[in-house]
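Overview (structure and organization)
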Amino acid sequence: MDPKLFEQSAARAVRYIETVAGRRVAPTAEEIAGLEALDVPLNDAPCDPCEVIAQLDDFGSPATVATTGPRYFGFVTGGSLPAAMAANWLAGAWDQNGALTIQSPVNAKLEEISAGWLTGLLGLPKDAGVGFVTGATMANFTALSAARHALLARAGWDVEDRGLFGAPEIKVIVGDEVHVSLTKALAMLGLGRSRVAKVPADDQGRMRADLLPPLDPMTLVCIQVGNVNTGAFDPAAEICAKAKRAGAWVHVDGAFGLWAAAAPDRAHLMSGFAAADSWATDCHKWLNVPYDSGLAFVRDAADLRAAMALSAAYLHMSDDREPCLYTPEASRRARGIEIWAALRSLGRSGLAEMIERHCRLAARFAEGLKRYEILNDVVLNQVLVSFGDAEKTRRVIREVQADGTCWCGGTEWHGKTAMRISVSCWSTTEADVDRSVDAIRRIANQYPD
Ligand SMILES: *Cc1c(COP(=O)(O)O)cnc(C)c1O
């Protein structure tokens, strides 16, 4: 083992981190073309690891999108907090298998501690079962598996044992603005993409609670906190109250929006959500930990454990919280490590400050771009901007991405093409927003109506 390899790799990584704020956000076509240098016929003889890393850095680093920099506003993705990224390096050195306590006592302990901190921060039941999964897609899948278990168990059907053929029907209700990942989770669970009842949404994308179909104990209602375009929250208090009366299960997709609960000034948006039965969120989004990292919370941990059960004599399960009994995966990354480090480094007030700052910065974007058309009520970290007709808006988005000052994606919102701005990186400041607004205005103003 050559310690120089790791010293050089660390030095290269540090150089990347130190320069990321100053570089273009999206790589140039030449930088992307440079990746061809890595496309060599596979060598027969081993290659010196120092050389391997040098090639990765020399040709790979320039072709990255600077998503950890302060002016990346695409896809609500979040950057990577310094403590979380550093913990990720240490976790890489540890290479722990997160499945079992006996394989990694440190991960098992950190998951348990983080689970307690997280339910406290997010205002969720403190005894909820928590699964550390890859992202919100798998968190939705995992939580909905628990819902499927519970609803069918009530009807006397053991779905894990007998499967879905011949099972009593589960009625699934989603909003018109349901996220595609939740639909995918329903498909993977045998609950079907298309047999769902869709409830109309209002102009901000919120489910219309007054149009909810009748609910019963075999109904699964899927709502969301944080619409992926507008950031809007479904009226949870009303929906959860109706569901509770009917004995239905409410699942919340809160991939980024759930974090609003950690910021006192935004927590009012969360009113009623804690009354749901399960929740999904991402840590690689608003908490700013490295990929991949999502969380599934289930009010009654026994439902999650029943859906994720696994046993074999050689697995040496302890009586403690075995991580793999809360997730679809067995062997996996020890995700508790970075989450613990992120929360510990921010503290309660640091997390609140970060979430609140991102919401303030989104409002600053909306203010700076108000001469165009802002399509949503900016209640969270999301801003939708139209620069005129679809073609002009698309052209502005393309040119902003090519310009490199910042990166914003595009979307369609209620028949209009829009630039979608998501503020979710820990390092973004007012100056970054102002610089980005200037670049967007400079480009948009080249095309007067
Ligand atoms: C991002 C997102 C997801 C999917 O999350 P992944 O981490 O990409 O799996 C699901 N729902 C909402 C509302 C999202 O914003």
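Counting restarts for each chain, with residues numbered from 1 along the sequence as it is written. Reporting in this predicted model follows two pLDDT cut-offs: at least 70 for local features of residues, and 80 or more for side-chain atom pairs to be given and counted; totals over whole chains, interfaces and linings ignore these cut-offs and use all residues. Side-chain figures throughout are based on the complete set of non-hydrogen atoms in the structure, without hydrogens or water.

A word on the pattern of salt bridges
We count a salt bridge whenever a side-chain nitrogen from Lys or Arg sits within 4 Å of a carboxyl oxygen from Asp or Glu. Taken as a whole and assessed by the stated rule, the structure comprises 23 salt bridges. Note that Lys 416 is salt-bridged to Glu 373, the shortest N-O span being 2.8 Å. Placement of Lys 416 in strand β11 (residues 416-422) and of Glu 373 in strand β8 (residues 373-374) is noted, with a sequence separation of 43 residues between them. Across the pair Glu 412 and Arg 394 runs a salt bridge whose closest N-O atoms are separated by 3.6 Å. Of this pair, Glu 412 sits in strand β10 (residues 409-413) while Arg 394 sits in helix α12 (residues 390-403), and the two are 18 residues apart along the sequence. Relative accessibility thresholds used throughout: buried, under 20% of the residue-type maximum; exposed, over 50%; partly exposed, between the two (1.4 Å probe, protein chains only). Given a relative accessible area of 45%, Glu 412 falls into the partly exposed group. Under the relative-accessibility criterion, Arg 394 is labelled partly exposed at 43%. Through salt bridges with shared partners, one network takes in Arg 12, Arg 15, Asp 57 and Asp 58. Here a strand is any run of E in DSSP of at least two residues, a helix any run of H or I of at least four, and the numbering for each starts at the N terminus.

Quick notes on the site of the ligand
Whether a residue is near a molecule or strand depends on its heavy atoms: if one lies within 4 Å, it is near. Inspection of the region around the ligand gives 13 residues, with Thr 137, Asp 253, Asp 282, His 284 and Lys 285 positioned closest. N or O atoms within 3.5 Å of each other form a polar contact, as long as, within protein, one can give a hydrogen and the other can take it, and as long as residues adjacent in sequence are counted only when both atoms are side-chain atoms. One of the backbone nitrogen or oxygen atoms of Ala 136 is found 3.1 Å away from an oxygen atom of the ligand. Between the ligand and His 284 there is a distance of 2.9 Å, counted from an oxygen atom to a side-chain nitrogen or oxygen. Surface exposure here means Shrake-Rupley accessible area, sampled with a 1.4 Å probe, where a residue is shielded only by the protein chains that are shown. The fraction of the free accessible surface of the ligand (380 Å²) that becomes covered by protein chains is 83%. Split into classes, the residues belonging to the shell around the ligand amount to 4 nonpolar, 6 polar and 3 charged. Under this grouping Gly is polar, as are all residues other than the nonpolar Ala, Val, Leu, Ile, Met, Phe, Trp, Tyr, Cys and Pro and the charged Asp, Glu, Lys and Arg.

A few points about the sheet that holds strand β9 (residues 382-386)
Spatial strand order, β8-β9-β11-β10: 4 strands in an open sheet with antiparallel pairing. Of all strands in the sheet, those with a lone pairing partner are β8 and β10, marking the two edges. Packing against the sheet, α12 makes contact with β9, β10 and β11, and its axis sits at approximately 30 degrees to β11. By the convention used here, strands pair only if DSSP detects at least 2 bridges between them. By definition in these notes, contact holds between two residues if any of their heavy atoms fall within 4.5 Å. To get an axis, fit a line to the C-alpha atoms, keeping to the stretch in contact for a helix; angles then go from 0 to 180 degrees between the N-to-C directions.

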